[in-house]
Amino acid sequence: MAKVIGDIVIDIERCKGCEVCIPACPHDVIALAKNVNGKGYHYAETINDKCTGCANCAIVCPDGVITVYRVKI
Amino acid sequence: MEHTLTKEEIRQEKNLVYKKTNVMTDNILSYCPGCGHGTAHRILAEVIEEMDIQDITIGVDPVGCSVLAYNFFNLDMQQAAHGRAPALATAIKRLFPEKFVFTYQGDGDLAAIGTAETIHACNRGENITIIFINNGIYGMTGGQMAPTTLPGMKSSTSPYGRDVQMMGNPLKITELVAQLPGTCFVTRQAVHTPSTVRRAKRAIRLAFEYQSKNMGLSFIEIVSNCNSGWKMTPRQSNEWMEANMLPFYPLGDIKVPEK
Amino acid sequence: MLRMKKELKLMKGNEAVAEAAIRVGADGYFGYPITPQSEVLEYLMAEKPYERTGMVVLQAESEVAAINMVYGGAGCGKMVMTSSSSPGISLKQEGISYIAGAELPCLIVNVVRGGPGLGTIQPSQSDYFQAVKGGGHGDYKLLVLAPASVQEMADFTTLGFELAFKYRNPVMILSDGAIGQMMEKVELPEQKPRRTEEQIREQCPWATLGKPKNRERNIITSLELDSLKQEQVNLRIQAKYERMKKEEVRYEEIMCDDAEYILIAFGTSARISQKALQLGREKGIKVGLLRPITLFPFPEEAIAKLSQKVKGMLVVEMNAGQMIEDVRLSVCNRTKVEHFGRFGGIIPSPTEVLHALEQKLIGG
């Protein structure tokens, strides 16, 4: 069976930490970081390798800070 | 077999499935964290990129939170006086019938001060697309009551909740414009979840396609949040929107072109 | 040699504006009916310029919508205009302020009727302040042309567009119900082609025509939240007005060389004052007439120069005394300046004007 793996790149300096991406992710890949960015926002970060590259997080991100990659293996 | 690709191997151009469209500029959005404006901007920009019409699209932005939308769309844009965007768009489209023209307006702009311009552009059947963001509040001026504020909903000018006896009823202007012969496509969408974003984007795409066929005015309401005005976190505001706004402003097509 | 026959027509002032607009190659007219200027829209609708030249004509839902349609068209570098009369022009002030702030060219015709409020439908000059002092909110000015004949209604339509594009500033033709409604012989300009999109791109590189790959996006706005930048916008706009003062002052002097008394009047009042001048000369009174053609920029220097050699000036206006303030600023107390006005829709008679001159300046 074909399997897909994905990864996201978050532009943390543009992230406002709104958390809208968090419930959008079906695999609980995203959480807010303990650290803050230059604007003082706790930014979104990935916390595991379960990303499938479905892009749900990216399409709900109001600030368009998420880039998504996906590979079929 | 366990996959063993490194992040660097995954993050290759050939594996790219989603990145910010070039029809948005790199300017940081002036909207509050979690505001639906950013998402609505982005899907509109994506449609323009996918249709390859950036060089023949002119946008008109309103007064309100999205007054600075021209900083975020990588498009030729005009900034209208409060409520007047459909009048500007009417003239632009009539002077350039072959170009794509849209307005992007909030509820106060479109459904209060600009009611006349909205209704008459719709009724004349101008071949334009109106994107109408309804978050039930005046965001930019500090959370005052809007024409679309729900009964009982608190705002800075209805601090004890909207009393419809005193303050009048919320205006369902989308249902209203659907009654007018000049509109060809009237729909209500949202942008707070992956599936609603996908549907809203499809609606915008359809609207632009109808515009290219001179079918009349397309009117897309996007029910959205205002976490600052509603005094909630972004996630709470989306949940509150589902529980309170969507029953009053149900999602879905209200008028579609006849086949 | 073939002599070109001039095309002469008998027309109303309002119709002359409409026909001249078509012939100058205007791209769009957006209007709303109001007496005494409705013939502009009526003439255009009957004339079908969309078939003659491709010019767009639209009856808007209000004066507010009409001026904002003008804003939209002007933002695309198109040659667009509107017309109205006093109460309607008041409604347009918001849009005019935005157009001035966004530095867009357009032509606005005000066929003035008496006010305040709904007032009367009869001619008046009571919108002088509104026209020359800005009118809407913010520090801006219109370039204001004051026609005194049907011929000038046509001529200033052409000139108005030319100046609007030269300065990227709204131009107002400040007419009145008498000139709008009266019929006179008018020599019409030859038909000019409307500009192509390529020509607009060249002439108006700022226009929103759709963003090509090879240039930055164009933005039409009057908003600048950074006060330092907003101050620069204001300074740039003020510099344009200074340039207008240097380059665009227009006026007419009649028998001013030997005059001891000067009548100062524009538009309809100037026509009446010219007859009063004749009556005065017949009685041996050395009277001249200065007719400002541009109300902004105002012919300050010409009036200042005359004020050094005359015994007095009578400002004749169909209002309670508006232009007289600009005359007094120009005169700086060098000579006596009096006002004669009828208002509420009354046009003064030449004998009334002469009588006022005799009473207020000569006898007094």
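Reading guide: rules and limits
- Residues numbered from 1 in each chain as written.
- Chains lettered and ligands numbered in written order.
- Predicted model: local features only at pLDDT ≥ 70, side-chain atom pairs only at ≥ 80, totals over all residues.
- Heavy atoms only, no water.
- Helix = DSSP H or I, 4+ residues; strand = E, 2+ residues; numbered from the N terminus.
- Buried < 20%, exposed > 50% of the residue type's maximum accessible area, 1.4 Å probe, protein only.
- Contact = heavy atoms within 4.5 Å.
- Areas by Shrake-Rupley, 256 points an atom, 1.4 Å probe, with all protein chains shown as cover.
- Lys, Arg positive; Asp, Glu negative; His and termini not counted.
- Charge placed at Lys NZ, Arg CZ, Asp CG, Glu CD.
- Rg over C-alpha atoms; globule rule 2.2 N^0.38 Å.
- Pairing = 2+ DSSP bridges.
- Buried area = accessible area lost by both parts, 1.4 Å probe.
- Salt bridge = Lys/Arg side-chain N within 4 Å of Asp/Glu carboxyl O.
- Polar contact = N/O pair within 3.5 Å; in protein donor to acceptor, adjacent residues only side chain to side chain.
- Disulfide = S-S within 2.5 Å.
- Expected span 1.5 Å × (residues − 1).
- Bend = angle between axes of the 7 residues up to and from the residue.
- Core = buried A, V, L, I, M, F, W, Y, C linked by side-chain atoms within 4.5 Å.
- Domains from an automatic or database assignment.

Focus on the overall build of chain C
And then number 1: Check the secondary structure of chain C and you find 14 helices and 15 strands.
And then number 2: Overall size of chain C, expressed as C-alpha extent along the three principal axes, is 75 × 55 × 50 Å.
And then number 3: Looking at chain C residue by residue over its 364 residues, the buried ones come to 60%.
And then number 4: A separation threshold of at least 6 residues defines the contact pool for chain C, and within that pool the share at least 24 residues apart is 77%.
And then number 5: If you sum the accessible surface of chain C, you get close to 14900 Å²; carbon and sulfur atoms cover 52% of it.
And then number 6: Charge-centre separation for chain C: the mean point of 45 positive side chains lies 2 Å from the mean point of 45 negative side chains.

A word on the overall build of chain B
And then number 1: Regarding its fold elements, chain B presents 10 helices and 10 strands.
And then number 2: Over its C-alpha trace chain B gives a radius of gyration of 19 Å, about what one expects of a compact globule, namely 18 Å for 259 residues.
And then number 3: Per-residue burial for chain B yields a buried fraction of 61% across its 259 residues.
And then number 4: By sequence separation, contacts in chain B at least 24 residues apart represent 68% of the contacts at least 6 residues apart.
And then number 5: Counting every atom, chain B has about 9900 Å² of accessible surface; 53% of that belongs to carbon and sulfur.
And then number 6: Side-chain charges of chain B comprise 25 positive and 25 negative groups, with the mean position of each set lying 3 Å from the other.

Remarks on the pairing of strand β2 (residues 28–31) of chain C
All names here are of chain C.
And then number 1: Of the two faces of β2, the one carrying G28 and F30 and the one carrying Y29 and G31 are both buried.
And then number 2: Pairing analysis gives 4 bridges linking β2 to strand β3 (residues 56–59), with the strands arranged parallel. The residue of β3 that forms the bridge with G28 is V56.
And then number 3: Bridge count for β2 against strand β4 (residues 80–84) is 2 bridges, and the pairing is parallel. Looking across to β4, one finds that G28 is bridged to V80.

As for the interface of chain B and chain A
And then number 1: At the interface, 32 residues of chain B touch 35 residues of chain A.
And then number 2: Of the roughly 2900 Å² buried where chain B meets chain A, counting both sides, 61% is carbon and sulfur surface.
And then number 3: On inspection of chain B and its partner chain A, the count reaches 2 salt bridges.
And then number 4: Of the charged contacts in the structure, one is a salt bridge between B:R11 and A:D7, with a shortest N-O distance of 2.6 Å.
And then number 5: Where chain B packs against chain A, one counts 13 residue pairs in polar contact (both at pLDDT 80 or more).
And then number 6: Within the residue set of the side of chain B that touches chain A, elements represented by two or more residues are α1 (7–10), β1 (16–18), α2 (36–50), α8 (194–212) and α10 (234–248) of chain B.

Details of the state of the cysteines
And then number 1: Counting across every chain of the model gives 0 disulfides over all chains.
And then number 2: With no disulfide of its own, A:C21 has A:C18 as its nearest cysteine by sulfur position, at a separation of 6.2 Å.

A closer look at helix α7 (residues 150–167) of chain C
Residues and elements named next belong to chain C.
And then number 1: The first and last C-alpha atoms of α7 sit 25 Å apart over 18 residues, in line with the 26 Å expected at 1.5 Å per residue.
And then number 2: Along α7, the helix axis deviates most sharply at F156, where the bend reaches about 30 degrees.
And then number 3: Within α7, 13 of the 18 residues are buried, which leaves it mostly tucked inside the rest of the structure.

Observations concerning the interface of chain C and chain B
And then number 1: Opposite the 37 residues of chain C that make contact, chain B presents 39 residues.
And then number 2: Summing the contributions of chain C and of chain B, the shared interface buries around 2900 Å²; its carbon and sulfur component is 58%.
And then number 3: Its largest share of buried area at the contact with chain B, chain C owes to C:E61, C:K211 and C:R217, together 22% of the area lost on that side.
And then number 4: In this structure, the connection of chain C to chain B is made through 4 salt bridges.
And then number 5: In this structure, C:E197 and B:K99 form a salt bridge, with 2.7 Å as the shortest nitrogen-oxygen distance.
And then number 6: Our enumeration of links across chain C and chain B arrives at 18 residue pairs in polar contact (both at pLDDT 80 or more).

As for the pattern of salt bridges
All names here are of chain C.
And then number 1: Counted according to the given criterion, the structure contains 42 salt bridges over all chains.
And then number 2: Residue E103 pairs with K240 through a salt bridge whose shortest N-O separation is 3.0 Å. Of this pair, E103 sits in the loop between α5 (86–101) and β5 (106–112) while K240 is found in helix α10 (residues 227–247), placing the two residues 137 residues apart along the sequence. Assigned by exposure class, E103 and K240 land together as buried.
And then number 3: A network of salt bridges, in which partner residues are shared, links E7, E19, R23, E47 and R52.

As for the nonpolar core
And then number 1: The biggest cluster of nonpolar side chains holds 129 residues, and the ones touching the most others in it are B:F219, C:F30, C:M313 and C:V327.
And then number 2: Broken down by element, the residue count for this core peaks at 10 residues, all from α7(C).
And then number 3: Three or more residues apiece are contributed to this core by two domains, here domain 1 (8–197) and domain 2 (251–362) of chain C.
And then number 4: In this view, B:F219 contacts B:L110, B:T118, B:C122, B:I130, B:F132, B:I173, B:T174, B:V177, B:F185, B:V186 and B:T187; residues no more than four positions away in its chain are not counted.
And then number 5: Counting residues in each nonpolar core, the second largest holds 63 residues, with A:A24, A:V60, B:A40 and B:V191 among its members.

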